[in-house]
Amino acid sequence: MLDWLKNINKDYPEFWKTYLEKFEKKSNRYVSLSVDTTGLNVKKDVILSFGAIAVIDDNILIGDVFEVTIPQYKFLHDNGLSNDFLLESEQPKLSEAHALEKLIAYIGNATLVGHRINFDIEMINEALEKLGCGRLKNEALDIEVMYKKLHDIHDKNLALDDISTLLKIAKTERISTTDDAYTIALSFLKLKSRLGFK
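### Some details on unusual backbone geometry
Logical step 1: Unlike most non-glycine residues, Asp-57 shows phi in positive territory, near 50°.
Logical step 2: Note on placement: Asp-57 falls in the loop between strand E2 (47–56) and strand E3 (59–69).
Logical step 3: Residue classification places Asp-57 among the exposed residues on the basis of a relative accessible area of 59%.
Logical step 4: Of note in this structure, Arg-116 is not a glycine but carries a positive phi near 60°.
Logical step 5: Topologically, Arg-116 is positioned in the loop between strand E4 (111–114) and helix H6 (117–130).

As structure tokens, then:
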């Protein structure tokens, strides 16, 4: 029996079962994903917002965007952090559980693209575990890894701003995770072309 089929029979929430069914076939869709968190500790920190944009056939689909803010007021207050971003953000605001459900429906079986995407995936997996779900099944590509491979770099890390500058991509205002997702998508298309893969 196929792994995804065995998983569907588990006691998962319906949205997760629907997600698993999508992996019967491969997708030609990429999703450029940016996740804003309260810090870098996967076990202790929480997700504040998601920004994502779809890429198909070397085109960024401006109308195919996912963005949401998660008002983690208690966490911010308990840790002395400002909640100005959450209050002023014009992104839709959802609870963590509802935001994750919407994100999973949005990404489907697409290949995820990000900057240090493995951290983003681990943050999402931690949050999904609280909902009784499994781990993300999507393939993932990291633009930092792609850039380093293209230029044979082994000894330094590159921030998203560094990569976009090196690739001569005009800077956005970076006022939301969606702005970062768009920069990631532009960087991805340039790197994908230069690395010569489809």
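### Section: the environment of Lys-168
Logical step 1: Secondary-structure assignment places Lys-168 in the loop between helix H8 (160–166) and helix H9 (177–195).
Logical step 2: Along the backbone, Lys-168 and Lys-190 are 22 residues apart, and their C-alpha atoms lie at a distance of 9.9 Å.

### Observations concerning the pattern of salt bridges
Logical step 1: Tallied over the full model, the rule gives 9 salt bridges.
Logical step 2: With a shortest N-O distance of 3.6 Å, Asp-64 and Arg-29 are connected by a salt bridge. In this pair, Asp-64 sits in strand E3 while Arg-29 sits in strand E1 (residues 29–37), placing the two residues 35 residues apart along the sequence.
Logical step 3: The salt bridge involving Arg-116 is made with Glu-144; its shortest N-O contact spans 2.9 Å. Of this pair, Arg-116 sits in the loop between E4 and H6 while Glu-144 sits in helix H7 (residues 143–151), and the two are 28 residues apart along the sequence.
Logical step 4: Taking the relative accessible area as the measure of exposure, Arg-116 reaches 37% and is therefore partly exposed.
Logical step 5: Within the structure, one salt-bridge network assembled from shared partners comprises Arg-116, Glu-144 and Lys-148.

### Details of the nonpolar core
Across soluble globular proteins, you tend to see nonpolar side chains buried next to one another.
Logical step 1: Counting residues in each nonpolar core, the largest one holds 31 residues, and the members touching the most others are Trp-16, Leu-33, Phe-50, Ile-124 and Leu-136.
Logical step 2: Elements supplying a minimum of two residues to this core: helix H2 (14–21), E1, E2, E3, helix H5 (96–107) and H6.
Logical step 3: Setting aside residues no more than four positions away along its own chain, Ile-124 makes contact with Leu-33, Val-35, Ile-47, Phe-50, Leu-100, Leu-103 and Leu-136.
Logical step 4: The next biggest cluster of nonpolar side chains, apart from the first, holds 20 residues, and it includes Ile-60, Leu-158, Leu-160 and Ile-169.

### Focus on the sheet that holds E1
Logical step 1: Taken in spatial order, the 5 strands make up an open sheet running E3-E2-E1-E4-E5, and their pairing is mixed. The outermost strands of the open sheet, each flanked by one partner alone, are E3 and strand E5 (140–142). Geometrically, the sheet is characterised by an average inter-axis angle of 25° between neighbouring strands, direction not taken into account.
Logical step 2: Of the strand pairs in this sheet, E1 and E2 are connected by 9 bridges, and their pairing is antiparallel. Bridged to Ser-32 within E2 is Ile-53.
Logical step 3: On the sheet, H6 packs against E1, E2, E4 and E5 and is oriented at approximately 75° with respect to E1.
Logical step 4: Against the sheet, H7 makes contact with E4 and E5, and its axis sits at roughly 55° relative to E5, the strand it touches most.

### Details of the confidence of the model for the chain
For residues with low pLDDT, the predicted coordinates do not support detailed interpretation.
Logical step 1: Of the residues in the chain, 85% reach a pLDDT of 70 or more, and the chain-wide mean stands at 88.
Logical step 2: Of all secondary-structure elements in the chain, the lowest mean pLDDT belongs to helix H1 (residues 3–8), at 52, while E4 reaches the highest, 98.

Reading the values: the criteria
Within any chain, residue numbers begin from 1 and follow the written order of that chain's sequence. For this predicted model, a pLDDT threshold of at least 70 governs which residues receive local features, and a threshold of 80 or more governs which side-chain atom pairs are given and counted, while totals over whole chains, interfaces and linings are taken from all residues. Water and hydrogen atoms play no part in the side-chain values, which are based on all heavy atoms of the structure. Put simply, DSSP marks the helices as runs of H or I at least four residues long and the strands as runs of E at least two long, and each gets a number from the N terminus on. Note on classification: 1.4 Å probe, protein chains only; a residue is buried when its accessible area is under 20% of the maximum for its type, exposed when over 50%, partly exposed between these limits. Salt bridges are identified by distance alone: a Lys or Arg side-chain nitrogen within 4 Å of an Asp or Glu carboxyl oxygen. Among buried residues, those of type Ala, Val, Leu, Ile, Met, Phe, Trp, Tyr and Cys that are joined through side-chain atoms within 4.5 Å constitute a nonpolar core. The contact criterion used throughout is that any non-hydrogen atoms of two residues lie within 4.5 Å. Any two strands are treated as partners once DSSP identifies two or more bridges connecting them. Convention adopted: a line fitted to C-alpha atoms gives each axis, helices being fitted over their contacting stretch, and angles between N-to-C directions are expressed from 0 to 180 degrees. Each residue carries a pLDDT score, the predictor's confidence in it, ranging from 0 to 100.

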